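Notes for the structure review
One letter stands for each residue in the lines below.
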Amino acid sequence: MESSTNIWGKLQFEDPHEKTVADYLNSQLNFIREQTKDELFAELDVSDGVMDFEKPIAVGLNRLFVVAPKLGNFRRQILTIVEGIHGDRYPVDMVCHVNEMRFNRVAESELLLKISEIIGSSDVQRSIVNLFNQSKQIP
Amino acid sequence: MNIAFWNLDKKDLSDQLVQLTNEKSIDILCLAEVTDGVATDFIRKINIFHPKTKYSFVASAKNKVRIISRLTASSFIDKSDSYKSNRLSAHLLKLPNIIELNLVCVHFHAKNYWSEDAQALECATLSKAIGKVEISSGCHNTIVIGDFNMNPFEKGMVSAIGLHAIPDLELALSGKKGRQIDNTDYPYFYNPMWNFFGDHLMPFGTYFYHSPDNLSYVWHVFDQVLLRPNLKNNLANDYIEIVTKIGGDSLVDAKKRPDAKKYSDHLPIILKLKI
């Protein structure tokens, strides 16, 4: 191979495919801040990880927290969404950390619906309201 | 809430710390054998991922163990002066309406310089210091985490006058004041790290040292978490993890021992609390 050869190939910078999970969640983060008048806000942690199956699989981990700044930045983890676990970015798996809700193989078209189902569940709603009430008690 | 401890063996593992913190959602990170440069570098890198709730050093009069947290600095009240040695950092962590607990971080004397008996004797002083922290803070929800340079079964860890850390949570809960010996009460700690001995599950400990003399335990659990038993209801599922992988990188070598060449000779441990 000559030194003038382009080892980078033809890179495709535009992603013709879908939005990431983080894209969808980031667009939702401000709503809770507005609803709770800054008592609570949502935080998204995005990291890569490896799932240990027979063959390790590299995945993207999206963790959604609700943070209470007046409670020392205490945060409660609401859900984790795992990208790439079935090969492509979608479908994804998601698990709720407040109750036992879990959805596997969620398509991109169903993503926000399933997230709403988890966040709208009575356990998660109660958990967020409790956190809000605890925060409101702090002057 | 997740609390991690890692003895870094003076290595520059700031990138691995970022990955560990993100992957395991660590709220409080306690580090031994870490240089200021590495700790600062880690904070700079992790805060790129956390623009809203930034990680920062927790102020302490003692710095043998450095503590870094995303919780607000004012949540930590320094109680480190209860022990004269630099080897203990103690704080009352106050999250209003959430929880109050004492977080005691330890990097105890190494076996290279201190015999088992010497360590055990010093544990009496350490235990008194922890008692002072509890009296001063008015809180008995205490967590002790760190590199004890002792195994859970050693005299300093188990003896009533030492840390009094036993492997049976129900027994530890049974007596309100702990165990009475000759009219003196000794409160228990629960030590879940006993569960990590043997080759039933990976890893086989947190530290590997195969002594050439007659007596070698081969694997050691020097990195431990001790809990006052009243924290039982705050323990999450699988509340202790000894970490062997960060991202795609294995912290152990082909023989399943801590890869001290690339990473640290100790494996990180994580305590997961349900709050």
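Before any of the text, the structure's been laid out above.
The notes below deal with the structure included here.

Our next topic: the side chain of H266 of chain B. Residues and elements named next belong to chain B. By the secondary structure assignment, H266 is in the loop between β18 (249-250) and β19 (269-273). Polar side-chain contacts of H266 include one of 2.8 Å to the side chain of D223. When residues no more than four places from it in sequence are discounted, the contact partners of H266 are W6, N7, D147, T206, Y207, F222, D223 and P258.

Moving on to the sheet that holds strand β3 (residues 74-83) of chain A. Residues and elements named next belong to chain A. Spatially, the five strands line up as an open sheet ordered β1-β2-β3-β4-β5, and their pairing is antiparallel. Among the strands making up the open sheet, the edge pair consists of β1 (41-51) and β5 (102-106). Direction aside, the axes of adjacent strands within the sheet are offset by 20° on average. The sheet contact formed by strand β4 (residues 92-96) and β5 spans three bridges and is antiparallel. Looking at β5, one finds that V95 is bridged to R102. Its contacts with the sheet place helix α4 (residues 122-136) against β2 (57-68), β3 and β4, and it is angled at close to 145° to β3.

Attention shifts here to the pairing of strand β6 (residues 88-95) of chain B. All names here are of chain B. Taken across its eight residues, β6 has seven buried, putting it largely inside the fold. Pairing of strand β5 (residues 76-78) with β6 involves three bridges; the strand directions are antiparallel. When the sheet's bridge partners are listed, F76 is paired in β6 with L93. Relative to strand β7 (residues 99-107), β6 runs antiparallel, the two sharing eight bridges. By the bridge assignment, L95 is partnered in β7 with I99. From the end of β6 to the start of β7, which pair antiparallel, there are three residues, and N97 there has a positive phi angle of about 65°.

In terms of burial, strand β15 (residues 223-227) of chain B is a largely internal element, five of the five residues being buried. Here β15 of chain B shows no split at all, with D223, V225 and L227 of chain B on one side and Q224 and L226 of chain B on the other all buried.

All right, on to empty space enclosed by the protein then. Residues and elements named next belong to chain B. This structure, assessed with the given rule, holds one cavity of 30 Å³ or more. Here the largest cavity defines a volume of roughly 30 Å³. Lining of the largest cavity is provided by S56, F57, V58, A59, S69, L71, A73 and F76. Taken together, the residues of the lining of the largest cavity break down into six nonpolar, two polar and no charged.

Calculation criteria
- Residues numbered from 1 in each chain as written.
- Chains lettered and ligands numbered in written order.
- Predicted model: local features only at pLDDT ≥ 70, side-chain atom pairs only at ≥ 80, totals over all residues.
- Heavy atoms only, no water.
- Helix = DSSP H or I, 4+ residues; strand = E, 2+ residues; numbered from the N terminus.
- Polar contact = N/O pair within 3.5 Å; in protein donor to acceptor, adjacent residues only side chain to side chain.
- Contact = heavy atoms within 4.5 Å.
- Pairing = 2+ DSSP bridges.
- Axes fitted to C-alpha atoms, helices over the stretch in contact; angles between N-to-C directions.
- Buried < 20%, exposed > 50% of the residue type's maximum accessible area, 1.4 Å probe, protein only.
- 1 Å grid on protein atoms, 1.4 Å probe; cavity = no way out; pocket = protein on both sides within 12 Å on 5 of 7 lines; lining within 4 Å.
- Points joined across faces, edges and corners; volume = space filled by probe spheres on them.
- Nonpolar A, V, L, I, M, F, W, Y, C, P; charged D, E, K, R; others polar.

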